[in-house]
2 protein chains.
Amino acid sequence: MSFISTRSRYGLRFLIELSKRRNEGPVDLGSIAEDQAIPETYLAKLVVPLRNAGIIRSARGAKGGYELSRSPDDITVLEVVEVLEGRSSLLECTERPELCARSADCPTLPIWTGLEKAVHDYLKGVSVSDAAAPRAPDYAI
Amino acid sequence: MSFISTRSRYGLRFLIELSKRRNEGPVDLGSIAEDQAIPETYLAKLVVPLRNAGIIRSARGAKGGYELSRSPDDITVLEVVEVLEGRSSLLECTERPELCARSADCPTLPIWTGLEKAVHDYLKGVSVSDAAAPRAPDYAI
DNA sequence: TCTATTGATACTATACTGGTCCGGTTAGGA
DNA sequence: TCCTAACCGGACCAGTATAGTATCAATAGA
């Protein structure tokens with residue numbers, strides 16, 4: 001549907017689970033997939049970019065699984081979204097203005113750039129540990 | 001690609017043109033399509049929801065065309081985006097939480113709701129006349 | 001009536017989303 | 001050592017959205 005697809009949404013829920021189960025050692029994908037009701041094979045694919053980005057680390061073999069490789073305080077939702085959506089931007093125009101011949105004097109460009117910044121600032125201000133917190137914090141409505 | 005597709009982008013540029021050519025009478029689609037370098041047949045489709053929403057009005061026949069039916073101060077970019085993207089939300093979860101069985105205690109829902117609000121507030125604060133202004137106003141970077 | 005212009009509908013190519021499937025690799029434990 | 005739980009990687013697929021194109025009808029001015 002959009003900028004925030006199931007990739008980000010599932011991925012974030014996965015990371016929240018990992019943060020709740022810290023110091024249990026590696027958590028296997030299947031158990032998270034099951035209790036988050038996310039198709040395991042699909043989740044398995046989301047996990048790849050998260051690992052490549054250094055957000056989680058994996059352990060292979062029996063008793064293997066995944067764990068956060070950093071404190072959940074240090075993982076912003078912005079980073080998760082960028083990694084999982086594979087782009088940092090809502091719009092090509094703001095990310096690569098050179099692709100648009102009109103960008104130099106496009107009257108709408110500053111609007112989209114401003115929107116981008118609003119989104120960016122908001123997402124950067126929320127971390128995985130905020131998300132995992134039991135009570136609704138101040139980023140909520 | 002996303003929440004802000006060519007529909008919103010073309011549509012907004014179209015409205016900005018109309019606002020610049022106010023009191024010329026109805027402006028024909030072809031001339032705007034040409035100088036904005038937007039495929040005319042595509043733009044013709046975007047114009048329909050804008051008319052239905054009461055943002056523009058049309059005149060048929062020779063010397064026909066389109067004009068803003070309100071002051072460009074009274075048309076927010078939020079309205080344009082909502083009308084042209086056909087939804088008000090980046091996410092199903094925030095728009096129709098009842099569709100998701102988990103929404104009641106989904107830890108990520110407040111995050112997406114907050115993001116939604118940030119986007120909404122920003123877009124509501126910019127009008128077509130702001131966009132048409134020659135100098136970059138304060139909504140810009 | 002001729003012609004410019006909107007209005008409405010149907011069609012299409014391409015890419016993205018949200019998956020599934022399957023064979024292979026790694027490593028812990030009996 | 002061998003079994004098996006778990007990760008790894010790639011191919012594949014159906015459905016939907018995006019960005020158009022094409023065609024024809026309706027309307028109004030000259």
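Residues numbered from 1 in each chain as written. Chains lettered and ligands numbered in written order. Predicted model: local features only at pLDDT ≥ 70, side-chain atom pairs only at ≥ 80, totals over all residues. Heavy atoms only, no water.

## Concerning the packing of helix H4 (residues 77-85) of chain A against helix H6 (residues 109-124) of chain A
Residue and element names in this part refer to chain A. Close contact between H4 and H6 brings their axes to 6 Å; oriented N to C, the two are set at 120°. Where H4 abuts H6, its residues Val 77, Leu 78, Val 81 and Glu 82 lie against His 120, Leu 123 and Lys 124. Of the residues contributing to the contact of H4 with H6, the split by class is four nonpolar, one polar and two charged. (Axes fitted to C-alpha atoms, helices over the stretch in contact; angles between N-to-C directions. Helix = DSSP H or I, 4+ residues; strand = E, 2+ residues; numbered from the N terminus. Contact = heavy atoms within 4.5 Å. Nonpolar A, V, L, I, M, F, W, Y, C, P; charged D, E, K, R; others polar.)

## Here's the deal with the protein's contact with DNA strand C
Around DNA strand C sit 25 residues, and of these A:Thr6, A:Arg60, B:Leu29, B:Ser58 and B:Tyr66 come closest. Each atom of DNA strand C within 4 Å of the protein was assigned to sugar, phosphate or base; sugar and phosphate come to 72%. In this structure, a phosphate oxygen belonging to DNA strand C sits 2.7 Å away from a side-chain N or O atom of A:Thr6. Taking A:Thr41, its side chain carries an N or O atom lying 3.1 Å from a phosphate oxygen of DNA strand C. Elements represented by at least two residues in the surface near DNA strand C include exactly helix H1 (6-20) and helix H3 (40-52) of chain A together with strand E1 (56-59) and strand E2 (65-68) of chain B. Tallying contributions element by element places H3(A) first for the surface near DNA strand C, with three residues. Of the residues in the surface near DNA strand C, the class split is nine nonpolar, eight polar and eight charged. (Near = heavy atom within 4 Å. Polar contact = N/O pair within 3.5 Å; in protein donor to acceptor, adjacent residues only side chain to side chain.)

## Overview of the pairing of strand E2 (residues 65-68) of chain A
All names here are of chain A. With four bridges connecting them, strand E1 (residues 56-59) and E2 associate as antiparallel partners. Counted as the bridge partner of Ser 58 is Tyr 66 from E2. Counting the residues in the hairpin turn of E1 and E2 gives five residues, including Gly 61, whose phi is positive at 80°. (Pairing = 2+ DSSP bridges.)

## Re the environment of A:Gly11
Residue and element names in this part refer to chain A. Topologically, Gly 11 is positioned in helix H1. Residue Gly 11 is classed as buried on the basis of its relative accessible area of 0%. Between the C-alpha atom of Gly 11 and that of Leu 46, which follows or precedes it by 35 residues, the distance is 6.5 Å. (Buried < 20%, exposed > 50% of the residue type's maximum accessible area, 1.4 Å probe, protein only.)

## Observations regarding the state of the cysteines
Residues and elements named next belong to chain A. For the coordinates displayed, the defined rule picks out zero disulfides over all chains. The structure places no disulfide on Cys 100, whose sulfur is separated from the nearest cysteine sulfur, that of Cys 106, by 6.1 Å. For Cys 106, a relative accessible area of 17% corresponds to the buried category. (Disulfide = S-S within 2.5 Å.)

## Focus: the protein's contact with DNA strand D
Around DNA strand D sit 23 residues, and of these A:Leu29, A:Ser58, B:Thr6, B:Tyr10 and B:Lys45 come closest. Among atoms of DNA strand D positioned within 4 Å of the protein, sugar and phosphate together represent 69%. Contact between DNA strand D and A:Leu29: a phosphate oxygen at 2.9 Å from a main-chain N or O atom of the residue. Between DNA strand D and the protein, one listed contact pairs a phosphate oxygen with a side-chain N or O atom of B:Thr6 at 2.7 Å. By residue number, the principal contributor to the surface near DNA strand D is helix H3 (residues 40-52) of chain B, which donates three residues.

## Examining H4(A)
Every buried residue belonging to H4(A) is among A:Val77, A:Leu78, A:Val80, A:Val81, A:Leu84 and A:Glu85, and all of these are buried. One face of H4(A) carries all of its buried residues, which in axial projection span an arc of 165°. Turning to H4(A), the residues buried within the fold contact H1, H3, H6 and helix H7 (128-132) of chain A together with helix H6 (109-124) of chain B. Positive phi appears at A:Gly86, one or two residues downstream of H4(A), with a value of about 75°. (Arc of directions from axis to C-beta.)

## Thoughts on the relation of the copies chain B and chain A
The two chain copies are related to each other by a rotation about an axis together with a translation along it. The transform that puts chain B on chain A rotates by 180° and translates by 0.0 Å along the axis, for an RMSD of 0.1 Å. Look at the turn and shift together and you get a two-fold axis relating the two. For chain B, the smallest separation between a C-alpha atom and the rotation axis is recorded for B:Ser2, amounting to 2.2 Å. In this assembly the copies share their binding face: 100% of the residues contributing to the interface of chain B also contribute to that of chain A. (Least-squares fit on C-alpha atoms with pLDDT ≥ 70 in both.)

## Thoughts on the packing of aromatic side chains
All names here are of chain A. All told, the structure shown has four aromatic pairs over all chains when counted by the stated rule. Measuring from centroid to centroid gives 5.8 Å for Tyr 10 and Tyr 42, while their planes differ by 85°, and the two rings are edge-to-face. A residue pair is termed long-range when its members are at least 10 positions apart, and Tyr 10 in helix H1 and Tyr 42 in helix H3 qualify at 32 residues. The interplanar angle of 75° and the centroid separation of 6.1 Å between the aromatic rings of Phe 14 and Tyr 66 together place this pair among those described as edge-to-face. Pair noted here: Phe 14 is in helix H1 and Tyr 66 is in strand E2, with a separation of 52 residues, a long-range link. For the pair Phe 14 and Tyr 66, a shared accessibility class is recorded, and that class is buried. (Phe/Tyr/Trp six-rings, centres within 6.5 Å; stacked < 30°, edge-to-face > 60°.)

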